[in-house]
Amino acid sequence: MSGVQIITVEAGEGDQRLDRWLRRRFPHVGQGRIEKMCRKGELRVDGARAKPATRLEEGQQVRVPPLPAEGEKPPVHKPRVSEADARMIQACVIHRDDHVIVLNKPAGLAVQGGSGQSRHVDGLSEALRFGNDENPRLVHRLDKDTSGVLVLARTREAATRLTAAFRHRNTRKIYWALVAGVPTPYLGEIKTGLVKAPGHGARGEGEKMNVVHLNDVESTPGAKRAHTYYATLYRVAGRASWVAMEPVTGRTHQLRAHMAGIGHPIIGDGKYGGSGQENLGDGWGAQLGGIISKKLHLHARSLSFEHPGTRKVVTYTAPLPEHMQQSWETFGWTEDLAADDPFAELM
């Protein structure tokens, strides 16, 4: 392996592409490696980043990073993700192009590492390179037990655009949930403040968000305004409902706290829908019992945003996870029963 070299473009070598000039000097260096060096900013002309097609002029100085000697094999990259995990996360892909990867994240898989989390989307992203030199980047989050649409950026430019879109709320997210009882009115909105209540343990495990009346937000330290639209789509007598939700703001646990706050916790929510929830006065909280799964019934159904490549608004939709599919089948519901936009009347 050679060291860094600064090579001057000699007389007669001008007016040619950088990649062709380099390959004439180092015939054993392939085009793919040259393009990679350019993308990473390792190959520079007069100190500036350059593209393979950059045309050189006599007298310019080209910085060439360390290259393998002729006949020397480049180091082999060994993936850190097991084959089983790689197959699992790749099977979650519902869309892929040069700019983004869209997953249907499984319930129970964390997005990032944290307290006690060793297996998460960020750590498995190496298996989502699909030929790229770098791992795709996270641009938003979902709770560990929430399934559904999760977007990753494949380039720095895409990450910058998507991060800004989420920060400035230039995206539209629709969630589906199974909740206890029947919210009324069937179509409405929830506006409250949310404030984080302290958890327990060295790292604050068990933290949750408490609902604060809007009139008390300004006087409650740490409280932030939270706004959610909801639509009751179908119901099972007075016991449970299929609800669509659209968060206008993006607070931690917003949907879970809001639904519990109006007395209709999401089924399977042990944090916000415990037995203390007297939504029907019988103390069963956010569990329906019987064959209905005890897993959280909250799913990020669709996500709309301006595509960082085409600059057109796109929408990606994720099918329900297995435990929610089974609950839907039990109640005789199918995914196509829901309107594409259950909040059209509110907009």
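Remember, it's a predicted structure, so these values are computed and weren't measured experimentally. (Residues numbered from 1 in each chain as written. Predicted model: local features only at pLDDT ≥ 70, side-chain atom pairs only at ≥ 80, totals over all residues. Heavy atoms only, no water.)

Engineer: What is the right way to look at the overall build of the protein chain in this model?
Structural biologist: What the protein chain contains, in helices and strands, is seven helices and 15 strands. Counting the 347 residues in the protein chain, one finds 44% classified as buried. A total of about 18,100 Å² of accessible surface is found on the protein chain, and carbon and sulfur atoms cover 47% of it. (Helix = DSSP H or I, 4+ residues; strand = E, 2+ residues; numbered from the N terminus. Buried < 20%, exposed > 50% of the residue type's maximum accessible area, 1.4 Å probe, protein only. Areas by Shrake-Rupley, 256 points an atom, 1.4 Å probe, with all protein chains shown as cover.)

Engineer: Would you explain the environment of Arg141 in this entry?
Structural biologist: Within the secondary structure, Arg141 is located in the loop between strand E7 (137-138) and strand E8 (147-153). Between the C-alpha atoms of Arg141 and Val111, which are 30 residues apart in sequence, the distance is 6.4 Å. Leaving out residues up to four positions away in the same chain, Arg141 has contacts with Val111, Gln112 and Leu150. Among the polar contacts made by the side chain of Arg141, one reaches the side chain of Gln112 at a distance of 2.9 Å. (Contact = heavy atoms within 4.5 Å. Polar contact = N/O pair within 3.5 Å; in protein donor to acceptor, adjacent residues only side chain to side chain.)

Engineer: How should I be thinking about the pairing of strand E9 (residues 172-180) in this particular structure?
Structural biologist: If a strand is regular, its side chains alternate between the two faces of the sheet. With seven of nine residues buried, E9 is to be regarded as a mostly interior element. Both E9 and strand E13 (residues 240-247) contribute to a ladder of six bridges, which runs antiparallel. The residue of E13 that forms the bridge with Ala177 is Val243. (Pairing = 2+ DSSP bridges.)

Engineer: Where do I start with the confidence of the model for the protein chain in this structure?
Structural biologist: In low-pLDDT segments, the atomic positions of the prediction should not be examined closely. Summing up the model confidence of the protein chain, the mean pLDDT is 88 and the portion of residues at 70 or higher is 89%. In the predicted structure, residues 275-284 sits below a pLDDT of 50 and forms 18 contacts with residues beyond four places in sequence or in another chain. (pLDDT = per-residue confidence, 0-100.)

Engineer: I would appreciate a short explanation of the pattern of salt bridges in the present structure.
Structural biologist: Opposite charge on two side chains allows them to pair when their charged atoms are near. What the rule picks out here adds up to 19 salt bridges. A salt bridge links Asp133 to Arg39; its shortest N-O distance comes to 2.2 Å. Of the two residues, Asp133 sits in the loop between helix H4 (121-124) and E7 while Arg39 sits in helix H2 (residues 31-39), which places them 94 residues apart along the sequence. Note that Arg172 is salt-bridged to Asp341, the shortest N-O span being 2.8 Å. Here Arg172, found in strand E9, pairs with Asp341, found in the segment after helix H7 (322-331); they are 169 residues apart in sequence, far enough to count as distant. The class for Arg172 is partly exposed, based on a relative accessible area of 25%. (Salt bridge = Lys/Arg side-chain N within 4 Å of Asp/Glu carboxyl O.)

Engineer: In this structure, what is going on with the packing of aromatic side chains? I would like to understand it.
Structural biologist: The description of an aromatic ring pair rests on the distance of the ring centres and on the angle between the ring planes. Counted by the stated rule, this structure contains eight aromatic pairs. Aromatic rings pair up to connect Trp176, Tyr234, Trp242, Trp328, Phe331 and Trp333 into one cluster. (Phe/Tyr/Trp six-rings, centres within 6.5 Å; stacked < 30°, edge-to-face > 60°.)

Engineer: Would you take a moment to explain the nonpolar core for this structure?
Structural biologist: Soluble, globular proteins show a tendency: their nonpolar side chains are buried together. Within the largest apolar cluster, 29 residues are counted, with the highest numbers of intra-cluster contacts made by Leu103, Leu150, Met245, Ile266 and Leu298. With three residues, the single largest contributor to this core is E9. (Core = buried A, V, L, I, M, F, W, Y, C linked by side-chain atoms within 4.5 Å.)

Engineer: Even after reading the chapter, I still don't get unusual backbone geometry, so can you show me in this structure?
Structural biologist: Trans is the prevailing form of peptide bonds, just as negative phi is the prevailing case for residues other than glycine. Put simply, Thr184 and Pro185 share a cis peptide bond, and its omega is 0°. On the secondary structure map, Pro185 appears in the loop between E9 and strand E10 (187-197). Even without a glycine there, the phi angle at Asp15 is positive, about 55°. Even without glycine at this site, Arg169 takes up a positive phi of about 60°. Looking at the element boundaries, Arg169 is found in the loop between helix H5 (156-167) and E9.

Engineer: Please explain the sheet that holds strand E3 (residues 48-49) as it appears in this structure.
Structural biologist: Within a beta sheet, neighbouring strands are joined by backbone hydrogen bonds and run either parallel or antiparallel to one another. Spatially, four strands are ordered E1-E4-E2-E3 in an open sheet, and the strand pairing comes out antiparallel. With one partner strand each, in any of the chains shown, strand E1 (5-8) and E3 form the two edges of the open sheet. With two bridges connecting them, strand E2 (residues 44-45) and E3 associate as antiparallel partners. When the sheet's bridge partners are listed, Arg44 is paired in E3 with Arg49.

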